[in-house]
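Breakdown of the fold
Okay, here's what each chain looks like letter by letter:
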Amino acid sequence: MRKQSGGEVFRITGARQGLADDVRGRQRRYVISMSVRTVSVVLAAVLWNVERYVAIVALALGVLLPYVAVVIANAGRENTPSLPSTFVPAPMRPALGPAPVAGTAESGPEGDGVHRGGGPA
């Protein structure tokens, strides 16, 4: 194996995680959410005649949690704010001034009022 000295080095610290890892993480969050929902529904059934208010809160959690779990599971992949943008702006060019008008005293070497040798002025 050769050593490459002076070669270009690429950093991948800002890269996304793999698709399989992303799907596995979303499945794990969904299973945890559904487990919490199951526990809250069982808790609501057990506490219904003992602590009615706690049972109602647990039942509300058991009703709302599936919607939240599905939204979180289908949220998609994470954003990568550290990667460079694919849009590269065009370089700014300096604007040119107006073109000199032909036949005026300011344009050309004869009309500048400076004597350029060769004889009397």
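Above this text is the structure in question.
Presented here is a report on the structure given in the accompanying data block. Per chain, residue numbering runs from 1 following the sequence as it is written. In view of the model being predicted, local features appear only for residues whose pLDDT reaches at least 70, and side-chain atom pairs are presented and counted only at 80 or more, with totals across whole chains, interfaces and linings using the full set of residues. Hydrogens and waters are ignored; side-chain quantities use all the structure's heavy atoms.

1. Some details on the overall build of the chain
When helices and strands are counted, the chain shows 2 helices and 0 strands. Here the accessible surface of atoms and residues is derived via Shrake-Rupley with a 1.4 Å probe, and residues count as covered only by protein chains that are part of the display. For the chain, the accessible surface area stands at approximately 10,900 Å², while carbon and sulfur atoms represent 64% of it. The numbering of helices and of strands both runs from the N terminus, where a helix is a DSSP run of H or I of at least 4 residues and a strand a run of E of at least 2.

2. Some remarks on the pattern of salt bridges
Any carboxyl oxygen of Asp or Glu within 4 Å of a side-chain nitrogen of Lys or Arg constitutes a salt bridge here. As enumerated under the stated definition, the model contains 2 salt bridges in all. The closest approach of N and O atoms between Asp21 and Arg24, which form a salt bridge, is 2.8 Å. Of this pair, Asp21 and Arg24 both sit in helix H1 (residues 19-47), 3 residues apart, which is roughly one turn of the helix. With a shortest N-O distance of 3.3 Å, Arg26 and Asp22 are connected by a salt bridge. Taken together, the positions of Arg26 and Asp22, both in helix H1 and 4 residues apart, correspond to about one turn of that helix.

3. What to know about the side chain of Ser33
Of note, Ser33 is situated in helix H1. Burial classes: relative accessible area under 20% of the type maximum marks a residue as buried, over 50% as exposed, and values in between as partly exposed (1.4 Å probe, protein chains only). The buried category is assigned to Ser33, whose relative accessible area is 16%. For this analysis, residues touch if any pair of their heavy atoms sits within 4.5 Å. If we ignore the near neighbours within four places in the chain, the residues touching Ser33 are Leu65 and Ala69.

4. Concerning the side chain of Arg26
By relative accessible area, which is 17% here, Arg26 ends up buried. Residue contacts for Arg26: discarding those within four places in its chain leaves Ile72, Ala73, Asn74 and Gly76.

5. Quick notes on H1
In a regular helix each residue adds 1.5 Å, so 29 residues correspond to 42 Å; H1 covers 42 Å between its end C-alpha atoms and thus fits that length. All of the buried residues along H1 are Asp22, Gly25, Arg26, Ser33, Met34, Ser40, Ala44 and Leu47. Looking at the buried side of H1, the elements it contacts are helix H2 (52-73). Expected span of a helix: the number of residues minus one, times 1.5 Å.

6. Considering the packing of H1 against H2
Note on method: axes are straight lines fitted to C-alpha atoms, helices fitted across the in-contact stretch only, with angles between N-to-C directions ranging 0 to 180 degrees. Two numbers describe how H1 lies on H2: the axes approach to 8 Å, and their chain directions differ by 160°. Considering their axes alone, H1 and H2 lie roughly antiparallel with respect to each other. The hand of the H1/H2 crossing is left-handed. For classification purposes, angles smaller than 35 degrees are called roughly parallel, those larger than 145 roughly antiparallel, those between 65 and 115 roughly perpendicular, and all remaining angles oblique. Crossing handedness is defined as follows: a turn of the near helix away from the far one that is anticlockwise and smaller than a right angle gives a left-handed crossing, while the clockwise case is right-handed.

7. So, the environment of Ala45
Structurally, the position occupied by Ala45 is in helix H1. For the pair Ala45 and Ile56, spaced 11 residues apart in sequence, the C-alpha separation works out to 9.5 Å.

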